[in-house]
Amino acid sequence: MQQAIQLNNVSKEFNDFKAVDGISFEVNEGDIYGFLGPNGSGKSTSLRMIMGLIKPTSGEIKLFGLSLADHRREIMQKVGCIIEKPDFYGYLNAKENLTLCARASGIKYTQGQYNDLFQLVGLAGREHDKVKTYSHGMKQRLGLAQTLIHDPSLIILDEPNTGLDPQGIIDLRNLILTLNKERGKTILLSSHILSEVQEICNAMIVINKGKTVVQGNVADLLSHETLHVTLEINNTPHSINTLHTSIYNQHIIKESDQIFQLMLSKNQIPTLISTLTQQGVEIMRIDYRNQLEEYFLKITNA
Amino acid sequence: MQLQAQENPKALISTLNRKFNLVQDYTADVKMVFDIPGVKMNNMNGKVFFKRPNKFRIKAKGIFFMPKQNPMQNISTLLLDTSAYTSVISGYETIDGRSCAIINIIPLKTESELILGKFWIDKLDPLVRKSQITTKNNGTIESSNTYSSNAAYTLPDQIVIKVEVNKFKVPKMMSVDLNKKSKEKDLSKQKETGTIRMDLVNYKINTKLQDAVFVEGKE
Amino acid sequence: MGGFGAILKNELYKTIRRPRSFIGFVVILFICLMLQGAFYHDGKELISFVTQQFESVFNIQGNVLNGNLICFIILQTLIVQMPLLVALVTGDLVSGETASGTLRFLLTRSASRTQIVLAKWLSGLFYTLLLLLLLGIMALFVSHWIFGSGDLMSLNSEGLTVIRADDINWRWGYSFLIAFLSLSVVASLATMLSCIMDNSITPIVTVMAIIIIFTIVGMFDLPSFDVIKPFLFTTHMIAWKNLFEDPVPVNDILFSVGILMVHIVLFLSISVYYFNRKDITT
């Protein structure tokens, strides 16, 4: 499988501060990658380096097998991105902004193509409004439109959910999946909403303190991960005794009155619920953190 | 007669005035050459109009400088009004080989604008070869006249007017000449002489000029 | 259209659509109409302020207050304002987009940074040209329409020079070209500062500060200033006035043109060099 992105030992220093310290990772073509890291981990600097906005101090960046330093023009024709937040010329309307994008990408759009694009991102009917009148969510949608205007093979999205309403988040999720599955686009998605990443991405890269912490298939990475489960049952001797005598007793890490903290794998949770209910234990509450969140916090020592 | 005329300024002036009276009006083509300190101006062609007693105009396309006390206009007017002045001969001088009497004209009235008029009048053929007119408001203006074909009408072919002008000073801030270095100036000399030369040809005399010709803007 | 042409077209489009571009046009219209109105009513008195040194002795005859003189005065008056108007737009070309974030929008497309900065610089020159064209129409043509034509009595530190009306059109042509070259230096300087700085106000203020300081240095005839004066671009920005001298100091003008062009090349080269190495962190 060809790599859409390859970073080899890439570093970036700003004066004395090392923002990225020998980072290396690959993004395979055709996958949806989650790009994760805590604030200040070097995530944004890395994305900017991939898009040629920041020049690395050392190391090599390749996209589609070509060196970014030497083949920027060809590479950029195949990449679309939203970095940080989509910014537009507020004194122009949405269509005029997209026309500038299309022209800068060397393509000519027909009215029909514009209509389709505005329809796709949910801005149909607002294309002639000045962008300065747009809400953040609408700008985010327009940002997606400018990302897609030249039909790139690789799409880099930095926090694309920011400002979107719940319906917008669902629409975006569906759009990303459609672009990947139906049009074969490779997507690198940076997001703080880890449940979203877990739901959409099939691979992920986690960086921390400017270094790559882990990268790989999401399912593989999380397969051996346990969850921190909080269980509240009815406060009767029978219920508490049932839990203590079950196989789950060994997973209890903390308890107070009828509230128990357990470490379980994800597929143990349904069995726990059915076992306890069958034995007459009333479950008042059960909740657990997202598995990826758990994993993320663990590997980044947060 | 000639000897008497030499000694008597009034006789010389009287002869001269008779010639002045021959001309009621005239027009001529004029070429003006300017040499005025602080002013750069190309030569200019125009047309001169004169009508007695003292209507005078130079019509030309563009900007030009003329002395406020223009000798072309003033000399005849001044000399013809014999009741307004007294005249004395203050000496003799040869100009261009012509022997001239220097006649001083002193106004009789103290309120007169004229302070002193000095005329170099040809003794043999009374014509004003040179003049120096000093007025209260406009300083001294000197003119030198050269005559040929229209000498009988006292109309010169060339007049050279010399005027004393103050040194022209423009503050650098006002001229906005940042790219110019101010030249060293001779501050001891506050006055300089400006010259205007007028070459006159194609005289047309006594053609009954209309007054309208002398109104600016009318043809 | 593709490549550089497309980028240039984008930049020109943005330049003519930006609200701040119109400030320059409005200011020029206002200043020209204001001066023309003032000269229409009180022109004779203003003129005699200049010519009073001669008027004790001479009558100045002919139409002194004509379209050529008004144009000359307007051009001279705008020597301070025009660079400000040019800097207002060109000082914001790169830094404004850096600050607003739209620079990311530009730099993540296939055009190279050199193409982008050149397109921005050219659009700045185009705007400068539009300003000058408006000034030319207002100062020269409208003034001629109001005041008529005539010889130009121009004032410089050595006195008055009268340029005949039939010998003036070519002088206006060249003087507007030199004025364009002078303002192009300002546009190039503003573009350079705009590449270096990340907010839109600082380059504009810096350009004006440089012009004011250099202009003050140029105004004083001090030996220490005289050494550096020939190399300050502001010294040569009024080289257009030399065209209204008689005879025209051709060598002086060519020297000024040379100095102005060296400045343009220098400022543009620094802009391209710096912009290519700039990290976009905003």
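Everything numeric in this text was worked out from a predicted model, so none of it was measured.

Description of the overall build of chain A
1) Next: When its secondary structure is counted, chain A shows 11 helices and 14 strands.
2) Next: Going through the 302 residues of chain A one by one, you find that 40% of them count as buried.
3) Next: Put simply, of all contacts in chain A between residues at least 6 apart along the chain, 70% involve residues at least 24 apart.

Quick word on the confidence of the model for chain C
1) Next: Chain-level statistics for chain C give a pLDDT mean of 89 and a share of 99% at 70 or above.
2) Next: Interface confidence for the predicted complex, expressed as ipTM, amounts to 0.84; the pTM equals 0.84.

A closer look at the interface of chain C and chain A
1) Next: Every contact between the two is made by 25 residues of chain C and, on the other side, 22 residues of chain A.
2) Next: Classifying every residue of the side of chain C that touches chain A by side-chain character gives 8 nonpolar, 10 polar and 7 charged.

Comments concerning helix H6 (residues 166–183) of chain A
All names here are of chain A.
1) Next: Taking 1.5 Å of rise per residue, the 18 residues of H6 would be expected to cover 26 Å, and the 25 Å separating its terminal C-alpha atoms lies within 8% of that figure.
2) Next: Residues Leu-172, Ile-176 and Leu-179 constitute the buried set of H6. For H6, the angular spread of the buried residues around the axis is 65°, confining them to a single face. Relative to its buried face, H6 has exposed residues pointing more than 90 degrees away, namely Pro-166, Gln-167, Ile-170, Asn-174, Thr-178, Lys-181 and Glu-182.

With respect to the arrangement of the chains
1) Next: Most contacts, compared over the 2 pairs of chains touching, are made between chains B and C.
2) Next: With no contact between them, chain A and chain B keep their nearest C-alpha atoms 39 Å apart.

Focus on helix H1 (residues 3–17) of chain C
1) Next: A rise of 1.5 Å per residue sets the reference length of H1 of chain C, with its 15 residues, at 21 Å; its end C-alpha atoms lie 22 Å apart and thus fit the reference within 8%.
2) Next: For H1 of chain C, every residue scored as buried is listed here: Ala-6, Ile-7, Leu-8, Asn-10, Glu-11, Lys-14 and Thr-15 of chain C.
3) Next: Its buried side turned inward, H1 of chain C meets helix H3 (94–104) of chain A together with helix H2 (19–55), helix H4 (81–90) and helix H7 (113–147) of chain C.

A short note on the domain arrangement of chain A
By a widespread convention, an interface's size corresponds to the accessible area lost as its parts come together.
Residue and element names in this part refer to chain A.
1) Next: Along its sequence, chain A is organised into domain 1 (3–222) and domain 2 (226–299).
2) Next: For domain 1 versus domain 2, the separation of C-alpha centres amounts to 39 Å.
3) Next: Taken together, the contact between domain 1 and domain 2 spans 10 residues of the former and 7 residues of the latter.
4) Next: Tallying contributions element by element places helix H7 (residues 194–200) first for the side of domain 1 that touches domain 2, with 4 residues.

Quick look at unusual backbone geometry
1) Next: For the peptide bond that leads from Arg-52 of chain B to Pro-53 of chain B, omega is 5°, which places it in the cis range.
2) Next: Positionally, Pro-53 of chain B belongs in the loop between strand S3 (44–51) and strand S4 (55–60).
3) Next: Of note, the bond from Asp-246 of chain C into Pro-247 of chain C is cis; its omega dihedral lies within 30 degrees of zero at 0°.
4) Next: Secondary-structure assignment places Pro-247 of chain C in the loop between helix H11 (233–237) and helix H12 (250–277).
5) Next: One non-glycine residue, Asn-9 of chain A, lies in positive phi territory at about 50°.
6) Next: If you trace the backbone, Asn-9 of chain A turns up in strand S1 (residues 3–14).
7) Next: We note that Asp-151 of chain A has phi near 50°; this positive angle belongs to a residue other than glycine.
8) Next: Since 12 C-beta atoms lie within 10 Å of it, Asp-151 of chain A is described here as exposed.

Thoughts on the sheet that holds strand S5 (residues 66–67) of chain A
The pairing of strands in a sheet comes from backbone hydrogen bonds and takes either a parallel or an antiparallel form.
All names here are of chain A.
1) Next: An order of S2-S1-S4-S5 is seen for the 4 strands of this open sheet, with the pairing classed as antiparallel. Looking along the sheet, the strands with just one partner apiece sit at the ends: strand S2 (17–28) and S5.
2) Next: Two elements, S1 and S2, share 8 bridges in a ladder whose sense is antiparallel. Note on S2: the bridge partner recorded for Ile-5 is Val-27.

Parameters and conventions
Residues numbered from 1 in each chain as written. Chains lettered and ligands numbered in written order. Predicted model: local features only at pLDDT ≥ 70, side-chain atom pairs only at ≥ 80, totals over all residues. Helix = DSSP H or I, 4+ residues; strand = E, 2+ residues; numbered from the N terminus. Buried ≥ 20, exposed ≤ 12 C-beta atoms within 10 Å, placed from the backbone. Contact = placed C-beta atoms within 7 Å. pLDDT = per-residue confidence, 0-100. Nonpolar A, V, L, I, M, F, W, Y, C, P; charged D, E, K, R; others polar. Expected span 1.5 Å × (residues − 1). Arc of directions from axis to C-beta. Domains from an automatic or database assignment. Pairing = 2+ DSSP bridges.

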